[in-house]
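Okay, here's what each chain looks like letter by letter:
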Amino acid sequence: MRRARCKGTIIREASQTTVPYGAFGHERRKPRAKMPIPSHIEAGRIIKSVLASAQKPYSVNQRMDSVRSTLEDWMSSEIRRDELDGPEFFDVYYHDADETGPYTEASKSSEGLIRILDELKAKLSVHYPDCAPLRQQFGKIDTAIKIIRSHIAKRQDP
């Protein structure tokens, strides 16, 4: 029988589609690609509009908060300190949503929410290769879409 190896001797290495990131001792991985800052800003606007919408059940917030946190972690590992600093960095995924943006208008209906969540998935799939960390985020977005659809169905039942 082989002996179990101590976790401290496992070296995190990049694969063809993912790279390790984060603090030492945390086994987190991200896609092996960089999404440009303007695309991160666009993804942040979509997420903030969904979270600010009154047309969704509260349980959608859990999924979108998790996606937002993960994308913010990925962005922090993809950019240099001088590219985006201080308040601008946190404005990408946090703080208030745009009052006049196209995503705010779309988030005023449940169908619009589903459309912009599909748009978020498309944006992520353009910039990141297919890998387990990305599929996890897609699963959370898909779950949010299912919750919104079931909310629509419940409202339409007599």
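Residues numbered from 1 in each chain as written. Predicted model: local features only at pLDDT ≥ 70, side-chain atom pairs only at ≥ 80, totals over all residues. Heavy atoms only, no water.

**Q** What is the right way to read the nonpolar core from this model?
**A** In globular proteins that are soluble, nonpolar side chains generally tend to be buried together. Among the nonpolar cores identified, the biggest contains 37 residues, and Ile47, Met64, Tyr93, Leu117, Leu120 and Leu124 are the most heavily contacted of them. Contributing elements (two or more residues each) for this core: helix 1 (37–52), helix 2 (59–78), helix 3 (87–93), helix 4 (102–106), helix 5 (110–127) and helix 6 (132–156). For this core, the leading source of residues is helix 6, giving eight residues. Contacts of Tyr93, omitting those with residues within four sequence positions, involve Met35, His40, Ala43, Gly44, Ile47, Lys48, Arg68, Leu71, Glu72 and Met75. (Core = buried A, V, L, I, M, F, W, Y, C linked by side-chain atoms within 4.5 Å. Buried < 20%, exposed > 50% of the residue type's maximum accessible area, 1.4 Å probe, protein only. Helix = DSSP H or I, 4+ residues; strand = E, 2+ residues; numbered from the N terminus. Contact = heavy atoms within 4.5 Å.)

**Q** Is there a simple way to think about the side chain of Ser107 in this case?
**A** Summarising the element assignment, Ser107 is placed in the loop between helix 4 and helix 5. Within the local environment of Ser107, its side chain forms a polar contact with the backbone oxygen of Thr104, the two atoms lying 2.8 Å apart. If we skip the residues at most four places from it in the chain, Ser107 touches Ser49, Ser53, Gln55, Leu113 and Ile116. (Polar contact = N/O pair within 3.5 Å; in protein donor to acceptor, adjacent residues only side chain to side chain.)

**Q** Please explain unusual backbone geometry as it appears in this structure.
**A** Across the chain, the bulk of peptide bonds are trans and the bulk of non-glycine residues have phi less than zero. Phi is positive for His95, close to 75 degrees, though the residue is something other than glycine. Of note, His95 is situated in the loop between helix 3 and helix 4. Judged by its relative accessible area of 54%, His95 is exposed.

**Q** Where do I start with the packing of helix 2 against helix 6 in this structure?
**A** Relative orientation and spacing of two packed helices are given, respectively, by the angle between their axes and the distance between those axes. At their nearest, the axes of helix 2 and helix 6 sit 9 Å apart, and the two run at 155 degrees to each other. On the basis of their axis angle, the class for helix 2 and helix 6 is roughly antiparallel. In this structure, the crossing between helix 2 and helix 6 has a hand that is left-handed. Contact residues: helix 2 offers Ser59, Val60, Arg63, Met64, Ser66, Val67, Thr70 and Trp74, while helix 6 offers Pro133, Leu134, Gln137, Lys140, Ile141, Thr143, Ala144, Ile147 and Ile148. Broken down by class, the residue content of the contact of helix 2 with helix 6 amounts to 10 nonpolar, five polar and two charged. (Axes fitted to C-alpha atoms, helices over the stretch in contact; angles between N-to-C directions. Parallel < 35°, antiparallel > 145°, perpendicular 65-115°, else oblique. Left-handed = near helix turned anticlockwise from the far one by under 90°. Nonpolar A, V, L, I, M, F, W, Y, C, P; charged D, E, K, R; others polar.)

**Q** Teacher, can you tell me more about the confidence of the model for the protein here?
**A** When pLDDT drops low, the exact placement of atoms in the prediction is not to be read closely. For the protein, per-residue confidence averages 88 on the pLDDT scale, and 92% of positions sit at 70 or higher. Of all the helices and strands in the protein, helix 3 carries the lowest mean pLDDT, 86, while helix 5 carries the highest, 96. (pLDDT = per-residue confidence, 0-100.)

**Q** Would you explain helix 1 in this entry?
**A** In an α-helix, one turn spans 3.6 residues, which is why side chains three or four residues apart end up on the same side. For helix 1, built from 16 residues, the straight-helix expectation of 22 Å at 1.5 Å per residue is met to within 8% by its first-to-last C-alpha distance of 22 Å. If you check which residues of helix 1 are buried, you get Ile37, Ser39, His40, Ala43, Gly44, Ile46, Ile47, Lys48, Ser49, Val50 and Leu51. On its buried face, helix 1 sits against helix 2, helix 3, helix 4 and helix 5. (Expected span 1.5 Å × (residues − 1).)

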